[in-house]
Amino acid sequence: MNFSESEERVALRKAALDLGKKYGHEYYLKQARTGGKTTELWDEAGQLGYLGVSVPEEYGGGGAGIGDLAAVCEELAAAGAPLLLMVVSPAICATVIARFGTDEQKKRWLPGFADGSVRMSFAITEPDAGSNSHRITTTAKRDGGDWVLNGRKVYISGVDEADAVLVVSRMEDAKTGKLKPALFVVPTDAPGFEFRQIDMDIVAPEKQFGLFLDDVHLPSEALVGSADAAIAQLFAGLNPERIMGASFSLGIARYALDKGVAYAKERKVWGAPIGTHQGLAHPLAQVKIETELAKLMTQKAAALYDSGDDFGAGESANMAKYAAAEAAIHAVDQAVQTHGGNGLASEYGLGTLVSAVRLGRIAPVSREMVLNFVGQHSLGLPKSY
């Protein structure tokens, strides 16, 4: 086993971090607070090839794995400029299409994923289904050679920036008569497709939306890959989502920890830096340990996924997502506490992260569902739900 990253990935990390610092947290917050988007950062990252590192080379990408894309995601977040759509567009949607899409679909979408000119959202969550994907009610029915989609989705990220949405629906299995998952690429300008913003108390450029699909007619080629492979296609996207979610949290944890440590070194009370006091030094050290442990599990999950071990990657990806979310929450909380009242002052760039990192415990899969997975699959305990 090798616990050190390749020279290529180390160099990629440095380059991505440098790009993130070029924009920084002030840019990120300014865009978020004024209703703007991180378009300049996204476009430059795409032009430099950072968004397409895991897209196959034949379609203009870097031909690397999810571990390299996760490294980019982590470093941009560590610079204070996280890109939430990286978790969705190149990680979920591009991966699903690259692994299961038809030749036509790959030619249509993958070059745009590679250079960042395409943004695609992912829609699985529904108002009444929650974490139970078996209760999805969005349905796809045949209409001659075409498809008709009806249903609702909720808390879908970045639809206002997306060219299309990869929608998880269900269709009838002709052999069994039961409903089975199916994935469709739905253009955001398709007739019958409507999205409405959900007001959130999180300060971020990426907004959340409810989707309404009312007799959305799609051509036959909108179905991604084979209808018979839908379950495999779905999990091909969910494992990278968890890995990228972990990397997103890790980057924010590092950003907050760096801020906390820097302040503890320079802030003096009673003639000495506050970092000399164990009441602050030990919690910061604990956050460092938690962050490094979560990073190792994230790298393990990425390595397993890139090796083709989807089930092994699933266990590690869930654990990584759990550990990174907890590390981020602890990091931000301790950074704020280290700053005292300044921790909630706008100029120090920490207050808005308090609610942002809390999201990591909820999405893309809740902490409780991760524990259910580990209890059942890792420990062999009876299924609890």
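Coordinates for the structure precede this section.
Okay, so let's go over this structure.

Considerations on the environment of Ala325
In this structure, Ala325 sits in helix α8 (residues 310-339). Once the C-alpha coordinates of Ala325 and Gly308 are considered, the two residues, 17 residues apart in sequence, prove to be 25 Å apart. Those residues in contact with Ala325 that sit more than four places away from it in its chain are Ser249, Gly360 and Arg361.

A few points about helix α7 (residues 278-306)
A rise of 1.5 Å per residue sets the reference length of α7, with its 29 residues, at 42 Å; its end C-alpha atoms lie 41 Å apart and thus fit the reference within 8%. Residues of α7 that are buried: Leu280, Leu284, Val287, Thr291, Ala294, Lys295, Thr298, Ala301, Ala302 and Tyr305. Downstream of α7 by a residue or two, Gly308 has a phi angle that is positive, lying close to 95 degrees.

Some remarks on the pairing of strand β5 (residues 179-187)
Counting buried residues along β5, 7 of its 9 residues qualify, which places the element largely inside the surrounding structure. Pairing of strand β4 (residues 164-172) with β5 involves 9 bridges; the strand directions are antiparallel. Considered in β5, the bridge of Glu172 is made with Leu179.

Structural notes on a negative patch on the surface
There is a patch of like negative charges on the surface, built from Glu58, Asp103, Glu104, Asp143, Asp146 and Glu221. The residue Glu104 is located in helix α5 (residues 103-115) in this model. Its relative accessible area of 59% is what places Glu104 among the exposed residues.

Notes on the nonpolar core
Met86, Phe113, Met120, Phe122, Leu166 and Met244 are the most contacted members of the largest nonpolar core, which totals 79 residues. For this core, the leading source of residues is helix α6 (residues 230-266), giving 13 residues. Not counting residues within four places of it along the chain, the set of residues in contact with Phe122 comprises Val88, Ile92, Cys93, Ile156, Val165, Leu166, Val168, Leu234 and Leu238. Counting 22 residues, the second largest nonpolar core, distinct from the first, contains Ala140, Val159, Val216 and Ala222.

Looking at the pattern of salt bridges
As enumerated under the stated definition, the model contains 21 salt bridges in all. The salt bridge partner of Arg13 is Glu5, with a shortest N-O separation of 2.8 Å. Judged by its relative accessible area of 9%, Arg13 is buried. With a shortest N-O distance of 2.9 Å, Glu44 and Lys22 are connected by a salt bridge. Taken together, the residues span a long stretch of sequence, with Glu44 in helix α2 (residues 39-47) and Lys22 in helix α1 (residues 7-33) at a distance of 22 residues. For Lys22, a relative accessible area of 57% corresponds to the exposed category.

Points about the pairing of strand β2 (residues 139-143)
In this structure, β2 lies alongside strand β3 (residues 146-157), joined through 5 bridges in antiparallel fashion. Note that in β3 the partner of Arg142 across the bridge is Trp147. Where β2 folds back onto β3 in an antiparallel hairpin, the turn is made up of 2 residues, including Gly144, whose phi is positive at roughly 70 degrees.

Description of the packing of helix α3 (residues 66-78) against α7
For the pair α3 and α7, the least separation of the axes is 8 Å and the interaxial angle reads 145 degrees. For the pair formed by α3 and α7, the contact residues are Ile66, Gly67 and Glu74 on the first element and Lys295, Ala302, Tyr305 and Asp306 on the second. Partitioned by chemical class, the residues of the contact of α3 with α7 number 3 nonpolar, 1 polar and 3 charged.

Conventions adopted
- Residues numbered from 1 in each chain as written.
- Predicted model: local features only at pLDDT ≥ 70, side-chain atom pairs only at ≥ 80, totals over all residues.
- Heavy atoms only, no water.
- Helix = DSSP H or I, 4+ residues; strand = E, 2+ residues; numbered from the N terminus.
- Contact = heavy atoms within 4.5 Å.
- Expected span 1.5 Å × (residues − 1).
- Buried < 20%, exposed > 50% of the residue type's maximum accessible area, 1.4 Å probe, protein only.
- Pairing = 2+ DSSP bridges.
- Patch = residues over 30% accessible without salt bridge, like charges linked within 9 Å, V, L, I, M, F, W, Y side chains within 5 Å.
- Areas by Shrake-Rupley, 256 points an atom, 1.4 Å probe, with all protein chains shown as cover.
- Salt bridge = Lys/Arg side-chain N within 4 Å of Asp/Glu carboxyl O.
- Lys, Arg positive; Asp, Glu negative; His and termini not counted.
- Charge placed at Lys NZ, Arg CZ, Asp CG, Glu CD.
- Core = buried A, V, L, I, M, F, W, Y, C linked by side-chain atoms within 4.5 Å.
- Axes fitted to C-alpha atoms, helices over the stretch in contact; angles between N-to-C directions.
- Nonpolar A, V, L, I, M, F, W, Y, C, P; charged D, E, K, R; others polar.

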